[in-house]
Protein chains: 2
Amino acid sequence: MVVKKVKVFVTLKESVLDPQGKAVEAALHQLGFSGVKDVRIGKYIEFVVADGADGERDIRAMCEKLLANTVIEDYRYEVEEVVSL
Amino acid sequence: MVVKKVKVFVTLKESVLDPQGKAVEAALHQLGFSGVKDVRIGKYIEFVVADGADGERDIRAMCEKLLANTVIEDYRYEVEEVVSL
């Protein structure tokens, strides 16, 4: 059976402040990694869906309804076909 | 100036339970996306580093010391060279 392995990346929009990223940046500087900047933290969601005709449309719907808050977040996804036994 | 754009993906190890993923899976089922399974939630971290000789070694050190908890999490990263003006 062929299934789809989906990887969704949810990131804050460029214009939105990322305090978690700022905190991680400060911590990295404190650890001596002074060259690091522009740290942004997002979510990485992996799941498997049974292969179907509406695959891509369904994935977009899942992202917009649940996985990403499209007011402040952007998302992108990658789909990989996997043969599952 | 050439800088490196680094993307780090932190995921729970296969053997570790992911209750957040289970909750998202249940929510997706409730929204009617019944074909979804094996939802796993991880972190996606982006940052920029000034290009240096020890780039890769530094990135691994950052992941092991701060970004990932290697007891329960795996990480992988991608490095992209970007010309910044």
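Residues numbered from 1 in each chain as written. Chains lettered and ligands numbered in written order. Predicted model: local features only at pLDDT ≥ 70, side-chain atom pairs only at ≥ 80, totals over all residues. Heavy atoms only, no water.

1. Side note on helix α1 (residues 19-30) of chain A
Point 1. If you check α1 of chain A, its first and last C-alpha atoms are 17 Å apart, about what 12 residues at 1.5 Å a residue would give, namely 16 Å.
Point 2. Of the residues making up α1 of chain A, those classed as buried are Gly-21, Val-24, Glu-25 and Leu-28 of chain A. Down the axis of α1 of chain A, the smallest arc covering the buried residues is 105°, so these residues share one side. Residues of α1 of chain A that are exposed and angled more than 90 degrees away from the buried face: Pro-19, Lys-22 and Gln-30 of chain A.
Point 3. Structurally, α1 of chain A contributes buried residues whose contacts are with β2 (36-50) of chain A together with α2 (55-67) of chain B.
Point 4. Downstream of α1 of chain A by one or two residues, Gly-32 of chain A has phi in the positive range, about 105°. (Helix = DSSP H or I, 4+ residues; strand = E, 2+ residues; numbered from the N terminus. Expected span 1.5 Å × (residues − 1). Buried < 20%, exposed > 50% of the residue type's maximum accessible area, 1.4 Å probe, protein only. Arc of directions from axis to C-beta. Contact = heavy atoms within 4.5 Å.)

2. Some details on the side chain of Glu-46 of chain B
Point 1. Inspection of the secondary structure puts Glu-46 of chain B in strand β2 (residues 36-50).
Point 2. If we ignore the near neighbours within four places in the chain, the residues touching Glu-46 of chain B are Asp-38, Val-39 and Arg-40 of chain A together with Lys-5, Val-6 and Lys-7 of chain B.

3. Topic: the pairing of strand β1 (residues 2-12) of chain B
Put simply, side chains in a regular strand alternate between the two faces of the sheet.
All names here are of chain B.
Point 1. Counting buried positions along β1 yields 8 of 11 residues, so the element is predominantly enclosed.
Point 2. Of the strand pairs in this sheet, β1 and strand β3 (residues 73-83) are connected by 11 bridges, and their pairing is antiparallel. Within β3, the residue paired with Leu-12 across the bridge is Glu-73.
Point 3. With 8 bridges connecting them, β1 and β2 associate as antiparallel partners. (Pairing = 2+ DSSP bridges.)

4. Notes on the interface of chain B and chain A
Point 1. With 31 residues of chain B at the interface, the matching set in chain A holds 31 residues.
Point 2. Across the chain B/chain A interface, buried area totals approximately 2600 Å², and carbon plus sulfur atoms make up 72% of it.
Point 3. In this structure, the connection of chain B to chain A is made through 0 salt bridges.
Point 4. Remark: the boundary between chain B and chain A carries 10 residue pairs in polar contact (both at pLDDT 80 or more).
Point 5. Elements with a contribution of two residues or more to the side of chain B that touches chain A: β1, α1 (19-30), β2 and α2 of chain B. (Buried area = accessible area lost by both parts, 1.4 Å probe. Salt bridge = Lys/Arg side-chain N within 4 Å of Asp/Glu carboxyl O. Polar contact = N/O pair within 3.5 Å; in protein donor to acceptor, adjacent residues only side chain to side chain.)

5. Some words on the nonpolar core
Point 1. Core analysis: the biggest nonpolar cluster contains 18 residues, and Val-8, Ile-45, Phe-47, Met-62 and Leu-67 of chain A together with Val-36 and Val-39 of chain B have the highest contact counts within it.
Point 2. Of all the secondary-structure elements, those providing two or more residues to this core are β1 (2-12), β2 and α2 (55-67) of chain A together with α1 and β2 of chain B.
Point 3. Of all the elements, α2 of chain A adds the most residues to this core, at 4 residues.
Point 4. Contact partners of Phe-47 of chain A, with chain neighbours within four places excluded, come to Lys-4, Lys-5, Val-6, Val-8, Met-62 and Leu-67 of chain A together with Val-36, Lys-37, Asp-38 and Val-39 of chain B.
Point 5. If you look at the next biggest cluster of nonpolar residues, it comprises 17 residues, including Leu-28 of chain A together with Val-6, Cys-63 and Ala-68 of chain B. (Core = buried A, V, L, I, M, F, W, Y, C linked by side-chain atoms within 4.5 Å.)

6. Topic: the layout of surface pockets
Point 1. In this structure, the largest pocket spans a volume of roughly 560 Å³.
Point 2. Every residue lining the largest pocket is counted, 28 residues in all, and those nearest its centre are Glu-14, Asp-38 and Arg-40 of chain A together with Lys-5 and Glu-46 of chain B.
Point 3. Elements represented by at least two residues in the lining of the largest pocket include exactly β1, α1, β2 and β3 (73-83) of chain A together with β1 and β2 of chain B.
Point 4. Examining the composition of the lining of the largest pocket, we find that 6 residues originate from one element, β2 of chain A, more than from any other.
Point 5. Its residues assigned to classes, the lining of the largest pocket comprises 12 nonpolar, 4 polar and 12 charged.
Point 6. Estimates place the volume of the second largest pocket at around 270 Å³.
Point 7. Every residue lining the second largest pocket is counted, 16 residues in all, and those nearest its centre are Gly-42 and Lys-43 of chain A together with Ile-41, Gly-42 and Lys-43 of chain B.
Point 8. Elements that contribute at least two residues to the lining of the second largest pocket include exactly β1 and β2 of chain A together with β2 of chain B.
Point 9. Grouping the amino acids of the lining of the second largest pocket by side-chain chemistry returns 5 nonpolar, 5 polar and 6 charged. (1 Å grid on protein atoms, 1.4 Å probe; cavity = no way out; pocket = protein on both sides within 12 Å on 5 of 7 lines; lining within 4 Å. Points joined across faces, edges and corners; volume = space filled by probe spheres on them. Nonpolar A, V, L, I, M, F, W, Y, C, P; charged D, E, K, R; others polar.)

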